[in-house]
Amino acid sequence: MKVVAVTACPTGVAHTYMAAEQLEKTAKTLGHAIKVETQGAIGIENELSDGDIQAADAVIFATDIEVERGERFEGKMILRVPVQEAIKNPAGVFAKLKN
Amino acid sequence: MNPKPRQARDFEFRCQLAAGLHARPATRLAEVAAEFQSECTLRNLRNYAIANLKSVLSIIAAEVRHGDSCEITVRGLDEEAALSGLQRFIETELPKCDEPLLPAPPSRGSLPRTLRDAHAHAVLGTAASPGVGRGHIVRVGGLRIPAAAQSEKPKDRKQEQQRIDKALAAARIALEVRLARAANKTEQDVLKAHRGLLSDVSFTDRLANLVEHGRPAGRAIVEACGSFVEMMRSSESLYIRERALDMHDVCARLLAEIYGEPATHTPQLTKPSIVVAENCTPQQLLSFDRQHLRGLILEAGGATSHTLILARSLEIPAITGVRETALLPDSEEAIVDGSRGFAIAEMSQAVERYFRNESEIAERRRARLSQFASSAAVTRDGQRLEIGANVAAVEELGPAFQNGAEGIGVFRTEMLFAGRETPPTEAEQFEAYSAAARAAGGKPTIVRTLDVGGDKPLACLDLPQEQNPFLGERGVRLYPRHEALLCSQVRAILRASAHGRMMLMVPMIATVDEVRWCKALIASVKQELAGERVTFDDKLQFGVMIEVPSAGFLIEELAREVDFFSVGTNDLAQYFFAADRDNPALAALANPLAPAFLRFLQQIADAAHRAGKWIGICGQMAADARNLPIVIGLGIDEVGVPSAAIPDLKHRVAKLNASDCRDLLKRALSCASAAEVGALLDSYSGEKLPLIADDLVVMPATAQNKDEAIREAVGTLWVAGRIEDRVRLEDAVWAREEVYSTGLGHGFAVPHCKSAAVHAPSIAVLRLREPVEWGSLDEKPVEIAILLALPEDAAKEHLQVFARLARKLMNEEFRNQLLSARDAAAIRSCLEQNVLAEA
């Protein structure tokens, strides 16, 4: 499965990146291809292009704040989870995708 | 106010005064009601409180707030007239009784969570002088019947009532006299409110009632005062709570009328003590034995009084604006926290532990800073800045030199003159100045001649009442009219100059003529002393304050007359920007970092140096370490600052490079706003501090809960000199914790925040001895807490390090490496290798 994700937390200093790390690591073990965009204090990094998004089978928003440039994902089904859930139980997040 | 007639004898209105029916409008309302015979009643339809409209106290007790609907009822012979009179007043006059709301009261203190959870009974106040102190409560002043009258038995009731009536009448007359002399409307309004209290029927009835029940006059006054003060203090409105002080004043006046003026009483402190007082004069503060004075709790508000400036300089923890001092029992042991703004008079285990932790961290900070105290302030490329302390009393010199003062930047002499009916004699002054000279032990001491005026009135000096005191007869402008006074001061300074290295400095110079006048006076005093064969330093350096803009354009001419200059940046900025420095609404305007002001400063400093004179800065600008690059860039030779700021300033100067500072100044001068200059300063911190260092790792950390851990981590940054305002950083960290816990599981937490309190981005690590509950994702306690502290405008490279660290923490191997590290150095190096190395 091709997955794209966005992570963003209130201060954008720590949890954004922890969640990104967890999603990337877990995707790897589950055999999914993933690209995670982080929206933190640094700004947007590893930005998802329209092509990335169009090609994705699934979209995950692990965010506690509004996603910037959310219009890119119009028409896509999005799984929204709190940042903490992606950190604590990333496998669970992917399991939800299947449903 | 929109009165809406209902029936003939009552009507309803809505209070539209922003501060509600507080003392002043209530006073006016009661005055109007008193013109009529009818009984006039107000009912607050929000809380159904009923008030006698003729009693200010009663109106205040009805707690009429902005927006409350009230009903006014009139019963009696002249009810028609009363009704229309009151209605007219409420419609047309009452709205004018309002005044802009006072500036927001300074933030109240707050209790650390540990103590809150331990249900410690604290009283809160405004943090006014940092630090934590422990001692026994000693109450000073307050309303007190003279000892002689304590055991007084009531004479006959009629006689007691007469004593009260006489006191009331005399107090009213005294008030009228003061009213006639009142300087401004605010003072008038306060006095009118006092007059209203004196005539208030609730108050006078209460007094009569107490006398009727057998109280002697003095006791009746104290008891009546107590009950009304209590009522006001329990009011929901801050404004009314503060009016309790008025009641207090009025009753003190009455007692003085009956028993004579009380002698000011300063108790002897015989063991570690915390002094509790309504207010405290600077002299009173100094009269306490400082060996035992551990803290100060004041009922009066404000954080800028001379007393508090002194307290900060003497490092006595203090809180102000404390309304519930009654909750602090006499002679009980208590702690006061002047950093966070609370006091507790219950030494529970939690409080003991808190005090121990705070004392320990303060001690660590002191020990660290004392390393720098004894060194000179020299930049890396060898530019020297002399750092002196500003003081107002001889007693401050000891602590100042301990903090590493290289001299006294300004010895303010006003305190010698304050709070007394006659000016100090030459002998008294000589004693103070020569004591200062001896205490300075050869270090330069700049004594500033009397700097008073309409804005800083003195009882012992007849000063004119002025419309615009800041632009009036201040400083040197008063000297010609008080020549004898100045002569005695100059004589005392010159005589003291034989005992040390003194310099004399004159405030508020605007013209060369003023300087020449002062020099002529000094010359004649010297001649006089020489004639009397009194020894003095004939070469005593003479300087002037540059605080009036005109003087800034006369440096070349002034330099021919003087030995040195000292820029008073507070006043110079206020006059330069035409912005009252005491008006908080204008605080942003009189910003010394504004490019216009910096250009002026540069012109002044350059002109002084061209003329071969040295130049100093005394003022807030020099005390703020953030401004140091500007001060160094300007080539300033000396600064006068509060002594507590000295070690840190020295430490920071040593990290700067003067040539970088000159470049930075150049860029600042071409900025368009103070904000741009501020940003420029923030981006320049001299020597780059590493994100992580051995002194930022605590192992083992002794915190027993999350609150203690956050305090310990933030305290570690404070001890290391990375932040000044601990409390602000703690608050920022907690604000983030409250969104959701930063406990990420596996025994790790990453508390973090961005805050202007942080100078340099830093990582502090606690390796906790006992795992601490953090509300983590996996509900497991935390063994390692990593505090990420970022300045408001953190650079991308630092954010990237933090992001990398966050990702690394998801890696079990990395976590285990940290958990099994043997010591602080191992933790530091593990972080460096894994997180910084890739930077």
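Residues numbered from 1 in each chain as written. Chains lettered and ligands numbered in written order. Predicted model: local features only at pLDDT ≥ 70, side-chain atom pairs only at ≥ 80, totals over all residues.

So, on to the overall build of chain B. Each helix and strand in chain B was counted, giving 32 helices and 27 strands. Classification of the 839 residues of chain B by burial places 48% in the buried group. Here the analysis covers contacts within chain B between residues at least 6 apart in sequence; of these, 71% occur between residues at least 24 apart. (Helix = DSSP H or I, 4+ residues; strand = E, 2+ residues; numbered from the N terminus. Buried ≥ 20, exposed ≤ 12 C-beta atoms within 10 Å, placed from the backbone. Contact = placed C-beta atoms within 7 Å.)

Secondary structure assignment for chain A yields four helices and five strands. Residues classed as buried in chain A amount to 40% of the 99 residues present. Residue pairs in contact within chain A that sit at least 24 positions apart in sequence constitute 59% of those at least 6 positions apart.

Residues and elements named next belong to chain A. With mixed pairing, the five strands of this open sheet are ordered in space as β3-β2-β1-β4-β5. Taken across any chain shown, the strands that pair with only one partner, and hence form the sheet edges, are β3 (43-45) and β5 (78-81). On average, each strand axis in the sheet is inclined to that of its neighbour by 15°, with strand direction left out of account. Across four bridges, strand β4 (residues 58-63) lies against β5 in parallel orientation. Directly across from Val-59, in β5, lies its bridge partner Ile-78. Along the sheet, helix α1 (residues 15-30) contacts β1 (2-8), β2 (33-40) and β4; its crossing angle with β2, the most-contacted strand, is approximately 180°. (Pairing = 2+ DSSP bridges. Axes fitted to C-alpha atoms, helices over the stretch in contact; angles between N-to-C directions.)

It is worth spelling out the packing of helix α17 (residues 483-496) of chain B against helix α18 (residues 512-531) of chain B at this point. Axis angle and axis distance: for two packed helices, these are the angle between their axes and the distance between the axes, and together they describe the pair. Residues and elements named next belong to chain B. Close contact between α17 and α18 brings their axes to 10 Å; oriented N to C, the two are set at 60°. Looking at the two axes, α17 sits oblique to α18. The element α17 and its partner α18 pack so that their crossing is right-handed. Packed against α17, whose contacting residues are Leu-486, Cys-487, Val-490, Arg-491, Leu-494 and Arg-495, the element α18 presents Leu-521, Ile-522, Val-525, Lys-526 and Leu-529 at the interface. In the contact of α17 with α18, the residues fall into eight nonpolar, no polar and three charged. (Parallel < 35°, antiparallel > 145°, perpendicular 65-115°, else oblique. Left-handed = near helix turned anticlockwise from the far one by under 90°. Nonpolar A, V, L, I, M, F, W, Y, C, P; charged D, E, K, R; others polar.)

Attention shifts here to the environment of A:Ile87. All names here are of chain A. As for its position among the elements, Ile-87 is in helix α3 (residues 83-88). For Ile-87, a count of 27 C-beta atoms within 10 Å puts it in the buried group. In sequence terms Ile-87 and Ala-19 are 68 residues apart; their C-alpha atoms lie 4.9 Å from each other.

A separate point is the interface of chain B and chain A. If you look at the interface, chain B gives 24 residues, while chain A gives 15 residues. Contributions of two or more residues to the side of chain B that touches chain A are made by α29 (726-739), β23 (743-745), β25 (752-754), β27 (782-790) and α30 (796-808) of chain B. The dominant element in the side of chain B that touches chain A, judged by the number of residues it contributes, is α30(B), at seven residues. When grouped by side-chain class, the residues that make up the side of chain B that touches chain A number 15 nonpolar, four polar and five charged.

This part is about the environment of B:Glu160. Residues and elements named next belong to chain B. Turning to its location among the elements, Glu-160 is positioned in helix α6 (residues 157-181). Accessibility expressed as a C-beta count within 10 Å gives 24 for Glu-160, which makes it buried. Measuring from C-alpha to C-alpha, the distance between Glu-160 and Gly-218 comes to 8.9 Å, with 58 residues separating the pair along the chain. Excluding anything up to four places from it in sequence, Glu-160 contacts Pro-154, Lys-155, Val-211, Pro-216 and Ala-217.

In this section: the pairing of β27(B). Residues and elements named next belong to chain B. Most of β27 sits inside the fold, with nine of its nine residues counted as buried. Of the pairings in the sheet, the one linking strand β24 (residues 748-749) to β27 comprises two bridges and is parallel in character. Counted as the bridge partner of Phe-748 is Ile-784 from β27. Here strand β26 (residues 762-772) pairs with β27 via seven bridges, running antiparallel. Its bridge partner lying in β27, Val-765 is registered against Ile-786.

We now examine the nonpolar core. One broad rule of soluble globular proteins: the nonpolar side chains tend to lie buried together. Counting residues in each nonpolar core, the largest one holds 144 residues, and the members touching the most others are B:Ile297, B:Ala343 and B:Val544. Per-element accounting of this core gives the leading share, eight residues, to helix α22 (residues 595-610) of chain B. When residues of this core are assigned to domains, at least three fall in each of domain 2 (113-141 + 266-353) and domain 4 (377-461 + 469-681) of chain B. With sequence-adjacent residues up to four places away left out, B:Val544 is seen in contact with B:Met505, B:Val506, B:Ile509, B:Val515, B:Leu558, B:Val562 and B:Phe565. Membership of the second largest hydrophobic core comes to 81 residues, among which are A:Ala20, B:Val714, B:Leu766 and B:Ala789. (Core = buried A, V, L, I, M, F, W, Y, C linked by C-beta atoms within 7 Å. Domains from an automatic or database assignment.)

With that settled, the discussion passes to the sheet that holds strand β8 (residues 132-140) of chain B. Residue and element names in this part refer to chain B. Ordered by their spatial adjacency, eight strands build an open sheet running β6-β13-β12-β8-β9-β10-β11-β7, and the pairing between neighbours is mixed. On the outer flanks of this sheet lie β6 (122-124) and β7 (126-129), each paired with one strand and no other. Ignoring which end each strand starts from, the neighbouring axes of this sheet average 30° apart. Direction of pairing for β8 relative to strand β12 (residues 333-337): antiparallel, over a ladder of five bridges. Its bridge partner lying in β12, Gly-135 is registered against Ala-334.

Each turn of an α-helix holds 3.6 residues, which means side chains three or four residues apart point in the same direction. All names here are of chain B. Helix length check: α29 (14 residues) gives 21 Å between terminal C-alpha atoms against 20 Å at 1.5 Å per residue, within 8%. Listed as buried for α29 are Arg-726, Val-727, Leu-729, Glu-730, Ala-732, Val-733, Arg-736 and Glu-737. Tucked inside the fold, the buried residues of α29 contact α28 (706-719), β25 and β27. (Expected span 1.5 Å × (residues − 1).)

To continue, consider the confidence of the model for chain B. Residues and elements named next belong to chain B. Across chain B, the average pLDDT comes to 87, with 91% of residues at 70 or higher. Overall, residues 100-106 carries pLDDT values under 50, and its contacts beyond four positions in sequence, including any with other chains, amount to seven contacts. Both scores are available for the predicted complex, with the pTM at 0.68 and the ipTM at 0.95. (pLDDT = per-residue confidence, 0-100.)

The next subject is unusual backbone geometry. Residue and element names in this part refer to chain B. The omega torsion of the bond from Met-699 to Pro-700 falls at 0°, within 30 degrees of zero and hence cis. Inspection of the secondary structure puts Pro-700 in strand β22 (residues 697-701). The residue Glu-63 is not glycine, and still its phi comes out positive at about 55°. By secondary structure assignment, the location of Glu-63 is in the loop between α2 (56-61) and β5 (69-75). We note that Met-508 has phi near 65°; this positive angle belongs to a residue other than glycine. Among the structural elements, Met-508 can be located in the loop between β17 (502-506) and α18.

Another point: the pairing of β1(A). Successive residues of a regular strand alternate their side chains across the two faces of the sheet. Residue and element names in this part refer to chain A. By the criterion of burial, β1 is predominantly enclosed, with six of the seven residues buried. Of the strand pairs in this sheet, β1 and β4 are connected by six bridges, and their pairing is parallel. Bridged to Val-6 within β4 is Phe-61.

This brings us to α22(B). Residue and element names in this part refer to chain B. Between its terminal C-alpha atoms α22 stretches 22 Å, which fits the 22 Å expected from 16 residues at 1.5 Å a residue. Restricting attention to buried positions, one finds in α22 the residues Phe-597, Leu-598, Phe-600, Leu-601, Ile-604, Ala-605, Ala-607 and Ala-608. Downstream of α22 by one or two residues, Gly-612 has phi in the positive range, about 75°.

Moving on, we come to the environment of A:Ile60. Residues and elements named next belong to chain A. Here Ile-60 shows up in strand β4. In the structure, Ile-60 is positioned 37 residues away from Leu-23 in sequence and 9.4 Å away in space, judged by C-alpha atoms. Residues within four places of Ile-60 in sequence aside, it is in contact with Val-3, Ala-5, Leu-23, Leu-79, Val-81 and Val-93.

The next subject is the packing of helix α13 (residues 349-373) of chain B against α28(B). All names here are of chain B. Put simply, α13 and α28 touch, their axes get as near as 9 Å, and they point 15° apart. The orientation of α13 relative to α28 falls into the category roughly parallel. In this structure, α13 meets α28 at a crossing whose hand is right-handed. Where α13 approaches α28, its residues Asn-357, Ile-361, Arg-364, Arg-365 and Arg-368 are matched on the opposing element by Glu-708, Gly-715, Trp-718 and Val-719.

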